[in-house]
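# Analysis of the macromolecular model
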Amino acid sequence: MTTPTIKAVIPAAGLGTRFLPATKAMPKEMLPVVDKPAIQYVVEEAVGAGIDDILVIIGRNKNALANHFDRVTELEHTLEQKGDHGKLARVNETSALADIHFVRQGDPKGLGHAVLRARRHVGKETFAVMLGDDLIDARDPLLSRMIDVSLSRSATVVALMEVDPSQIHLYGCADIEPTDEADVVTIKGLVEKPSASEAPSNLAIIGRYVLKPEIFDVLEQTPPGKGGEIQLTDALEELAGDSEIAGPVLGVVFTGRRYDTGDRLDYLKSSIQLALDRDDLGPQLGDWIKQLAPML
Ligand code: G1P
């Protein structure tokens, strides 16, 4: 059972430099994946897990994000007059999804710093953090499982996924031991973006967290880490080392479908995979790929 008091925080203040020049005037979270901006998938995932209050941490170019989740009365009016109810519904669905709030990060000092900006909005409740680079397939509910584990064990919960050891330097990495539940592990330690030889495992943090409010005090004290940024991973490592602070830190090991939109190649692959899955686009796109493949 999930609870409606859980809020979600979506950090969306990164510079998106891997996608320049597309992200020069637009946040990377607004890049379309098929026909929806990446952040809309994340908001829909939160809503699917029973969350109806979402705080987006924004940087520069905030307008596109705020506008996307707002009403557009002129457009609604035009579509209404044309009687185009299909498109009207598509326009309206984003403004009706959830109660969405925005706060600016100010100085971009890292993910930990972005999460700290949510303190006032979140208050003293458990909350979710969802990163837009990782899209989780709606058919494989991860977040609701993490919320259940967090509430039933009074724990901080991080989503983990096995990755190829050659990729672990791109992620936070967990040192773990098993629990009595197959998909739940106890996290003994965490390292942000270790080299393959330093990595304690091949379990990577994917961008979903269920955090307890004690994380804020820890983040206040967390010095800059990897890349000179305040790292959420470092604050979680502190919690994992002392269960007196906020109870255990657990991992939910995800084996479902995840689409990585973090770099250009993965973004292209994600768009194609998601389009292939759609009834309106999949069959024709699949035929075209089959025709193209022998020519490559
Ligand atoms: C962030 C976190 C990292 C995590 C990753 C998941 O890194 O710092 O621990 O594994 O998200 O996507 P980023 O990708 O923002 O560099």
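The structure under discussion appears in the preceding block.
Residues numbered from 1 in each chain as written. Predicted model: local features only at pLDDT ≥ 70, side-chain atom pairs only at ≥ 80, totals over all residues. Heavy atoms only, no water.

### Side note on the site of the ligand
Going by this rule: Whether a residue is near a molecule or strand is decided by its heavy atoms; if any one of them lies within 4 Å of it, the residue is near. Here a polar contact means two N or O atoms within 3.5 Å. Within protein one must be a hydrogen donor candidate and the other an acceptor candidate, and residues neighboring in sequence count only if both atoms are side-chain atoms. In short, Shrake-Rupley with a 1.4 Å probe defines the accessible areas, and a residue's cover is counted only from the protein chains shown. Any residue that is not Ala, Val, Leu, Ile, Met, Phe, Trp, Tyr, Cys, Pro, Asp, Glu, Lys or Arg is counted as polar, Gly included; the first ten are nonpolar and the last four charged.
Within the structure, the ligand sits among Leu111, Leu131, Asp134, Tyr171, Gly172, Glu192, Lys193, Ile205, Gly207, Gln231 and Thr233. Glycine 172 is positioned with one of its backbone polar atoms (N or O) 2.9 Å from an oxygen atom of the ligand. Taking isoleucine 205, its main chain carries an N or O atom lying 2.7 Å from an oxygen atom of the ligand. Contact with the protein chains removes 80% of the 380 Å² of surface that the ligand exposes when unbound. Per-class residue counts for the shell around the ligand are four nonpolar, four polar and three charged.

### Quick notes on the side chain of threonine 126
Inclusion rule: What counts as a helix is a DSSP run of H or I of at least four residues, what counts as a strand is a run of E of at least two, and both are numbered from the N terminus. Note on contacts: a residue pair qualifies if any of its non-hydrogen atoms lie within 4.5 Å across the two residues.
Inspection of the secondary structure puts threonine 126 in the loop between helix 6 (119-122) and strand 6 (127-130). Excluding anything up to four places from it in sequence, threonine 126 contacts Ile6, Lys7, Ser150, Val210, Leu211, Lys212 and Pro213.

### With respect to the nonpolar core
Filter applied, for reference: Nonpolar cores were defined as sets of buried Ala, Val, Leu, Ile, Met, Phe, Trp, Tyr and Cys residues, with membership established by side-chain atoms within 4.5 Å. Each residue gets one of three labels from its accessible area relative to the maximum for its type: buried under 20%, exposed over 50%, partly exposed in between, using a 1.4 Å probe on protein chains only.
Within the largest apolar cluster, 45 residues are counted, with the highest numbers of intra-cluster contacts made by Ile39, Ile51, Ile54, Leu142, Leu143, Met146 and Val157. If you tally residues by element for this core, the top one is helix 1 (residues 38-48), at six residues. For isoleucine 39, the residues in contact, after removing those within four places along its chain, are Ile10, Glu29, Met30, Val56, Leu65 and Phe69.

### What to know about a nonpolar patch on the surface
Note the following rule: Patch definition: residues above 30% relative accessible area lacking any salt bridge, with like charges linked at up to 9 Å and the nonpolar side chains Val, Leu, Ile, Met, Phe, Trp and Tyr linked at up to 5 Å. The salt bridge definition used is simple: a Lys or Arg side-chain nitrogen within 4 Å of an Asp or Glu carboxyl oxygen.
Among the surface-exposed residues, Ile272, Leu276, Trp288 and Ile289 lie close enough to one another that they form a single nonpolar patch of about 350 Å² accessible area. Elements with a contribution of two residues or more to the nonpolar patch: helix 11 (264-276) and helix 12 (282-292). A residue is classified by how much of its surface remains accessible, and isoleucine 289, at 30% relative accessible area, is partly exposed.

### Quick word on the packing of helix 3 (residues 73-82) against helix 4 (residues 85-96)
The criterion, for reference: Axes here mean lines fitted to C-alpha atoms, for a helix over just the part in contact, with angles spanning 0 to 180 degrees between N-to-C directions. Each angle receives one of four descriptions, namely roughly parallel if under 35 degrees, roughly antiparallel if over 145, roughly perpendicular if within 65 to 115, and oblique otherwise. When the near helix sits turned anticlockwise from the far one by under a right angle, the crossing is termed left-handed; a clockwise turn instead gives a right-handed crossing.
Orientation of helix 3 relative to helix 4, taken along the N-to-C sense of each, is 160 degrees, at an axis distance of 9 Å. With respect to their mutual orientation, helix 3 and helix 4 come out roughly antiparallel. Handedness of the helix 3/helix 4 crossing: left-handed. Within the contact between the two elements, helix 3 uses Leu75, Glu76, Leu79 and Glu80 and helix 4 uses Lys87, Leu88, Val91 and Asn92. Broken down by class, the residue content of the contact of helix 3 with helix 4 amounts to four nonpolar, one polar and three charged.

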